[in-house]
Amino acid sequence: MSSSVKFNSFDDRYVHTTEQPTIVAVSSDIAKKKIALIFGAIVVVGVIATVGVILGVVILKKDDNRGNPPDASINDAVDGKWTYWDSWSDCSVTCNTGTQRRTRTCTSPPPMYGGISCVGISLETRQCATWNCPDCARICPDGGNISPNCEICECVSSTIIGTVNDRTNFSVAEVDIFLSYRPWSPIATTNVRGRYTVSNICFNSTSVFVKKGGFSTQNVTPRRLNNTHWEANFEIRKLEKPWISRKPVSKIRFVGLSATFCCQANGFPMPQDFQWFKDDSILAGRGTDGNLLFNSVKKSDIGTYFCKVTTEAGSVSSERVTLDVRDASVDTCNPEPTTKEENLPNGCFYNDNGDRKSVIDVGHCPNTKCITNTLIDNGTCEDWWPNHCCDVSQMQSIEVECDGGFTYLITKVVSCKCRENEMSTIINGMAYGIRNSSRVPFNRGEVMVDGELKGITSATGYFSVTISGEVSRVVLNLRNDRSGQLLDTTRVIDVAFGTTTSIDIHVPLKPEPKTFNTRLGFDIPLGTEKGQPSTTSLSIAEDSIIDGDGNAFEGTANARVHFVDTRNLDDLNEMYGELRFTDEEGNAVDLETFGMVQLSVEDTTGSPLYVNGKIKMSLDPTSFNLSNTGENLHLYSLDINTGKWVDRGLMSYNSSSGSSRKRRSSGGNIEGVIADSIPIIDQTEIVNNIVQVRNTRLVSSININTDRPLIYRRITEYRNVISRDTVTRDDACFVRVKAYSDFTFRNPEYGVRITAATKTKNGGPFRGRMSLVTSANNNGILCLPIFCNSEVYLMAEKGRTYYAGDRHILPPQAVSVNIANGTQIRLDSDYNNYLNGEGPVFVYQRRSKCIAESTFIFQFAPLLKEGIRDSLSGDSIHNQLNSWYTEPANSPFRRTCFMKVKVDSIDHSLEATGVSMMDHTSNIYVGRFKAPLIWDETTNNRREKAACVEFRCPGRLIDGTTTINDVATLLRVQILSQEGHFCNITNVAAGLNIVRFPGPLGEGFQFRADPNDNYGSGMGVYIRTFPFYAAEATCRTGLDSPNLSPIMKPNVNPAVEFQCIGI
């Protein structure tokens, strides 16, 4: 058999084999592989008293690395990576302290093509069986006798009873009870009610302890009830996988300065010891308290760093941050601006030494972090000084002349420098569900960011939150939709520091209830809502429902089930969290989804009920092309603190026919069961609006509901296995994509969210969905992880502006097509079509080529552009006569002013240009705002468009320390076009005074904004103290209320109306 390269996930690893990999169901043993079901807790707070369960399945597939390497001519250097640790060996002795060993190898992958080998140890040892051996000379209490095997003191008339509960008094089943002197074998196990009874053992002069996987242990001295009976009750706590609560932030320093990286983590038990890594190599002995100190940085300290913490509950690693070290200088910015070309409108030009030119390089200072030589570190975790970024140092004003005498100034960047910047990281969002093609807003619900309450959605589902610190990713939880129509949801949002990220969040509708008898349990087939055959079923065991006090509930109950069906692209928009989990080494690994289920149970009055018994998920393997052996499925739970999934249990293949109500393939199903109790966290876990919730649910008395997500996914890990079969997995690839500011494809656009959804060919289900945001890194190029040999859909958006691609740079053999009016690209990711090595689809080994400037790429540009403000002083200067704003961005007194202009035209290149001058002395030129014409995206009417032209608000002028009040603003507006159109004014809002001016480009007008007049929506002039995007939304909708949908409504309260015809 010829050599071939096999990929199974988005993880930065690969599998090479000369054979087809096999899947074997195993536990954690080295020669075995895992099948697991995912169980989880999504915590929701709200008036709606429902208790949720989300179920899911993950495939954990592990393949050999044996076989000859692929052709080195197409591969970059591959550094070696460790495999996961093998399971611990059996203890060398059964008592009196022995040794266990475990090993790992540098084969996942091995170093290839000049790559470096792994750093670290390949063998670990630990003590085991630390208890004493059985003592036949043990003296038993009066009336007791040593057992024949010398392990137990037997008392014929003695009995012990007890219960094991969690911290909120819910019973815990299947907990093992041990004698303190006999820890190797339990004397009893709790039943489904958390109770146990043991007889004929002596309990005076000894203690007992409990143990269950995933829970803390507790040691108790039995209490004598009478001459024959004893009692020992226990309260145990669920182990909580650690999570990073304080993330390190990137630093930039001059040689010789100090720097500090800080890392903190929460969980149970509380993390204590930290490890730090530089470029994936451990920094032994440094930063064990969480703080990594550099007293005097050197160029050799440049690199990528992260922290890692491990407890008995698991491991977690922080996001990677960088330390950049520069030679001493005034600041760390490049004074030379980068190129940024701008096309002038038709009929407009500037004079370049006698040449009339229509394209101008206005220059650009990259918005990157920087420092000056006056900023000295004082040992704080975050830099103590305000944000500093590379910004404009010097600008040059260039006059643009248009036919008909209309002129305006363009500012050209001459030089850059590091300066204090008022940048804020903001998320603007619209949260809603979809019912019958109409939006159902997430009405006045709570917006939680990284566990902190940040705001409340409006009645229309709009929210705007400011993100603290320098972060690239946040976990956003939406809770408690007041209308009761929508479920709570968890999303992970990528953000770019100092930018505004606008998102739409599709929230699942609250399902209709399904009534069942709790004494009998129920089965529900999933995936039938759209007339498709069921792929999955969910069942709850009989007598497994309890109320909030932990008492058995018997009778009629309602179950609400929401299913994310991977056969439908729209369903992927409602996925919970992100498609990643944290592996046993604390690293984030991508997953392939098979679907998600969210379940809530309530009584007939709507009061919450809880599942405290077996929950079974059954998956038809034929629906997903899985083998009949089960292909190693894991059950995971969603951790709402991190948005990632946590391993929770095991699934297996069941070939029996089972209940006729269940969805079954002809050969059987893959089934997973959650059988442990569902703990409830204590109210004291919520302090100052900070919810530190692990895989638990919340007490109903504080109106916090529980959702337990389970998700079907396949993942890839790499560990040696002992058998093989003919199952073939697909490969890991990357697709190269870039977003631009317009369809000239000259200037990259940052903050654009590009999504790749991968689907099985020939009508199979979707397998994964990944979104990334463009930034200044890599010049805006994104390399999105996808599956090779699949059908891939690419989409791009920024805020609620969709991007389209009509001019990609592709090799002739590439297979792709633009769909959905160009807003989606459907491509065949078979990398055999891209063997030229130039992309835009790359196999994993060529990832660095994807990031570099390769020949081929998929390109997106906005269908509707954002407005551009071009002010002489920039946005950060507030004390000059020509300042656009007189207050900083975070000031509650900062005002933003817009005028709404409507245009009737078939020309889509039109833009409204507004020039602002202050009516003081000789009219002070402030700047211009170039506003695109936008149509109502909810209709098919593309002729009627409108623009919200921002202008400098009237009022104060500041000249250094001198303030001049009550100054009017003069706004001159002209409709300009790339295609050449003639525009005339057809209507002016009642009561609005303007002065028209004619010209060869058509009519324009001048408006004098009085500082003592607020005008209002009736005149189409909007003077607001809202943040920019909220103020612009009031202009677009034509209404006075903030926090509204930003969809443009051209016919609602425009100030001036134009009609434009071609010349």
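Because the structure is a prediction, the values reported are computed rather than measured.

Visitor: Help me understand the pairing of strand E14 (residues 208-211), please; the structure alone is not making it clear to me.
Guide: Two faces, one strand: in a regular strand the side chains alternate between the faces of the sheet. For strand E11 (residues 176-179) and E14, the ladder comprises 4 bridges, and the chain directions are antiparallel. Pairing of Asp 176 across the sheet is with Lys 211, part of E14. Taken together, the 3 bridges between E14 and strand E15 (residues 218-220) define a ladder with antiparallel strand orientation. Bridge pairing in E15 links Val 208 to Val 220. Count of turn residues in the E14/E15 antiparallel hairpin: 6 residues, of which Gly 214 carries a positive phi of about 85°.

Visitor: Explanation requested: the state of the cysteines in the structure shown.
Guide: In the structure shown here, the tally under the stated rule is 17 disulfides. One disulfide in the model links Cys 365 with Cys 416; its S-S distance is 2.1 Å. On the sign convention where negative means left-handed, the S-S torsion of about -90° between Cys 365 and Cys 416 marks this disulfide as left-handed. In this pair, Cys 365 is assigned in the loop between strand E32 (359-361) and strand E33 (388-402) and Cys 416 in strand E34 (residues 407-420), connecting sequence segments 51 residues apart. Note on accessibility: Cys 365 and Cys 416 belong to one class, buried. Sulfur-sulfur distance for the disulfide between Cys 983 and Cys 1060 comes to 2.0 Å.

Visitor: How should the confidence of the model for the chain be read in this particular structure?
Guide: On average, residues of the chain score 79 in pLDDT, and 84% of them reach the 70 mark or higher. Long-range and interchain partners of residues 1-73, a stretch whose pLDDT sits below 50, account for 385 contacts in this model, where long-range means more than four residues apart. The low-confidence segment residues 677-730 (pLDDT under 50) makes 292 contacts with residues lying over four places distant or belonging to another chain.

Visitor: Just checking my understanding: could you explain a nonpolar patch on the surface for this structure?
Guide: A grouping of Phe 743, Tyr 802 and Leu 863 is seen on the molecular surface, where their side chains present a nonpolar patch of about 260 Å² in accessible area. Counting through the fold element by element, Phe 743 comes out in the loop between strand E62 (732-739) and strand E63 (753-759). Residue Phe 743 is classed as partly exposed on the basis of its relative accessible area, which comes to 32%.

Visitor: Explanation requested: the pattern of salt bridges in the structure shown.
Guide: Using the criterion set out here, one finds 39 salt bridges in the structure. Across the pair Asp 870 and Arg 928 runs a salt bridge, and its minimum N-O distance is 3.5 Å. Placement of Asp 870 in strand E72 (residues 868-871) and of Arg 928 in strand E75 (residues 924-932) is noted, with a sequence separation of 58 residues between them. Where Lys 1049 meets Asp 936, a salt bridge forms, and the shortest distance between an N and an O atom there is 2.9 Å. Of the two residues, Lys 1049 is situated in the loop between helix H3 (1028-1037) and strand E86 (1056-1062) and Asp 936 in the loop between strand E76 (934-935) and strand E77 (944-951); the sequence distance between them amounts to 113 residues. We classify Lys 1049 as partly exposed; its relative accessible area is 28%. The class for Asp 936 is buried, based on a relative accessible area of 9%. When salt bridges with common partners are traced through the structure, they connect Arg 253, Lys 369, Asp 377 and Asp 383 into a single cluster.

Visitor: What am I meant to see in the packing of aromatic side chains here?
Guide: Working definition: an aromatic ring pair is given by the centre-to-centre distance plus the angle between the planes. Inspection of the entire model under this criterion finds 17 aromatic pairs. When the centroid spacing of 5.3 Å and the interplanar angle of 80° are considered together, the rings of Trp 384 and Trp 385 count as edge-to-face. Looking at Trp 384, the relative accessible area reads 46%, which means it is partly exposed. On the basis of relative accessibility, which here comes to 7%, the residue Trp 385 falls in the buried class. The side chain of Arg 894 reaches across the aromatic face of Tyr 885, ending 3.5 Å from its centre. Across from the ring centre of Phe 997, 4.2 Å away, lies the NZ or CZ of Arg 972, which sits over that ring.

Visitor: Hey, could you run me through the sheet that holds E14 in this one?
Guide: One key point about sheets: their strands pair by backbone hydrogen bonds, in either a parallel or an antiparallel sense. With antiparallel pairing, the 4 strands of this open sheet are ordered in space as E12-E11-E14-E15. Two strands bound the open sheet, and with one partner strand each, they are strand E12 (188-189) and E15.

Rules of the game
- Residues numbered from 1 in each chain as written.
- Predicted model: local features only at pLDDT ≥ 70, side-chain atom pairs only at ≥ 80, totals over all residues.
- Heavy atoms only, no water.
- Pairing = 2+ DSSP bridges.
- Helix = DSSP H or I, 4+ residues; strand = E, 2+ residues; numbered from the N terminus.
- Disulfide = S-S within 2.5 Å.
- Buried < 20%, exposed > 50% of the residue type's maximum accessible area, 1.4 Å probe, protein only.
- pLDDT = per-residue confidence, 0-100.
- Contact = heavy atoms within 4.5 Å.
- Patch = residues over 30% accessible without salt bridge, like charges linked within 9 Å, V, L, I, M, F, W, Y side chains within 5 Å.
- Areas by Shrake-Rupley, 256 points an atom, 1.4 Å probe, with all protein chains shown as cover.
- Salt bridge = Lys/Arg side-chain N within 4 Å of Asp/Glu carboxyl O.
- Phe/Tyr/Trp six-rings, centres within 6.5 Å; stacked < 30°, edge-to-face > 60°.
- Lys NZ or Arg CZ within 6 Å of the ring centre and 35° of its normal.

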